[in-house]
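Summary of structural features
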Amino acid sequence: MTPGQVAPDRAGTGPAPGAPAPVEVCCHADLLQRAAARIVERHRTRLPDLSGVTVLVPGLHAAPELARALRQCAGTPALLLPTITTLEGLSASQPVAAGPAAESGRRLLLFGILRDQGWIDPGTLWQATGELVRLCDELSRHRIGLAATAEEFEDRVARACGVSSNRLLRFEARVVHETWRHLAGSGDTAFVHGAGLAAAAAGARGELWLVDLPDMTPSEEEFVLAWGRRHPVHALHGSADAA
């Protein structure tokens, strides 16, 4: 295995194309046991020190189980464990120049803007504000560039949905564009998440193992490729065993 390669597990594949943000999913015990066995076997000459390895799991609930499996497979009196974390945890552990703006502060900023515009019923404004903040973060996460004007954004939405422009679409596009215009940038969570992953890849010290991760966003895929240019990357998927 040479740097830059992603090694699928048997019939599995490498990281999937960008789609929804990572979510908490169950990581089966047998997959964790198999992952532990492969990690220990590959690094047996380095035992009891696995601290140079990084293992990404879908949720932190899997970390203690994987740690137990590694100790069992290693069979050594003591073991220096690898870094076991999630994509979000790895990103958050990196020092980046600009942290995400506080969620409450972003919502209050947008609430005031939307209130002044008078576009949304005051009775539902706070709920709508939260939904719009989450939507804008998703747009940034998936690298959908901010259109220069609301009209251009409306055209993009109409083409993507395969519909003709209408009054409702124009209104919704205008609201989302105005929201995104105020929130997009170095303070949004998607930007900081990608920056943290980029920093982690730049400082990679050893192999990366991806254990049953959900579909990745573009910035997460770039992170895996960047890590792979420095050290081998291995991917294991539970679906492969079920096939």
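Up top is the structure.
Residues numbered from 1 in each chain as written. Predicted model: local features only at pLDDT ≥ 70, side-chain atom pairs only at ≥ 80, totals over all residues. Heavy atoms only, no water.

Notes on the overall build of the chain
The line we're drawing: Helix and strand assignments come from DSSP, with helices taken as H or I runs of at least 4 residues and strands as E runs of at least 2, each series counted from the N terminus. Three exposure classes are used, based on accessible area relative to the maximum for each residue type with a 1.4 Å probe and protein chains only: buried under 20%, partly exposed in between, and exposed over 50%. Contacts are assigned to residue pairs that have any heavy atoms within 4.5 Å of one another. We get accessible surface area from the Shrake-Rupley algorithm with a probe of 1.4 Å; when it comes to residues, only the shown protein chains can shield them.
Counting its regular elements, the chain contains 10 helices and 5 strands. Of all 243 residues assigned to the chain, the portion counted as buried reaches 43%. Considering only contacts within the chain whose residues lie at least 6 apart along the sequence, 81% involve residues at least 24 apart. Per element, the accessible surface of the chain, about 12,300 Å² overall, is 56% carbon and sulfur.

Some words on helix 2 (residues 63-74)
We count it as follows: A helix's residues, less one, multiplied by 1.5 Å, set its expected span. The directions considered for the arc run from the helix axis to the C-beta atoms.
Helix length check: helix 2, at 12 residues, gives a terminal C-alpha distance of 16 Å against a target of 16 Å (1.5 Å per residue), a fit within 8%. Where helix 2 is concerned, the buried positions are A63, L66, A67, A69, L70 and A74. Angularly, the buried residues of helix 2 cover 165° about the axis, an arc narrow enough to put them on a single face. Turned more than 90 degrees off the buried face of helix 2, the exposed positions are R68 and Q72. G75 lies just past helix 2 and shows a positive phi near 65°.

Some words on the packing of aromatic side chains
Definition in use: Note on aromatic pairs: the rings of Phe, Tyr and Trp (six-membered ring only in Trp) are paired at centre separations within 6.5 Å, and the planes decide the class, stacked below 30 degrees, edge-to-face beyond 60, tilted for the rest.
Under the defined criterion, the tally for this structure stands at 2 aromatic pairs. Between F111 and W126, the ring centres sit 5.6 Å apart and the planes meet at 65°, which makes this aromatic pair edge-to-face. A residue pair is termed long-range when its members are at least 10 positions apart, and F111 in helix 4 (residues 103-117) and W126 in helix 5 (residues 125-141) qualify at 15 residues.

Concerning the pairing of strand 5 (residues 233-236)
Applied cut-off: Two strands make a pair as long as DSSP finds a minimum of two bridges between them. A crossover gets the label right-handed when its path from the first strand over the helix to the second runs clockwise, viewed with the strands pointing away from the viewer.
Residues V233 and A235 point to one face of strand 5 and H234 and L236 to the other, with burial holding for every one of them. Examined bridge by bridge, strand 4 (residues 208-211) and strand 5 share 4 bridges and lie parallel to one another. Paired with L210 across the bridge in strand 5 is A235. After leaving strand 4, the chain enters helix 9 (residues 218-228) and then returns to the sheet as strand 5, a path that is right-handed.

Points about the nonpolar core
Our working rule: Definition of nonpolar core: a set of buried residues of the types Ala, Val, Leu, Ile, Met, Phe, Trp, Tyr and Cys, connected through side-chain atoms within 4.5 Å.
Counting residues in hydrophobic clusters, the biggest one holds 23 residues, and the most contacted among them are L50, V55, V57, L66, L70, I84 and V211. Broken down by secondary-structure element, the contributors of at least two residues to this core are helix 1 (29-42), helix 2 and strand 4. Excluding residues within four positions of it along the chain, L70 makes contact with A36, I39, V40, L50, L79, L81, P82 and I84. Counting residues in hydrophobic clusters, the runner-up holds 16 residues, among them L87, L90, A200 and W227.

Considerations on the environment of L108
Relative to the helices and strands, L108 is located in helix 4. For L108, a relative accessible area of 53% puts it in the exposed group.

Describing the pattern of salt bridges
Using the following cut-off: When a carboxyl oxygen of Asp or Glu lies within 4 Å of a side-chain nitrogen of Lys or Arg, that pair is called a salt bridge.
On inspection of all chains with the given rule, the structure shows 2 salt bridges. Put simply, R44 and E41 hold a salt bridge, and the shortest N to O gap is 3.6 Å. Look at E41 and you get exposed, because its relative accessible area is 53%. Of the charged contacts, one joins R42 and E207 as a salt bridge, the two residues approaching to 2.6 Å between their closest N and O atoms. One end of the pair, R42, is in helix 1; the other, E207, is in the loop between helix 8 (189-202) and strand 4, with 165 residues separating them in the sequence. Under the relative-accessibility criterion, R42 is labelled partly exposed at 38%. Exposure remark for E207: the relative accessible area of 9% places this residue in the buried category.

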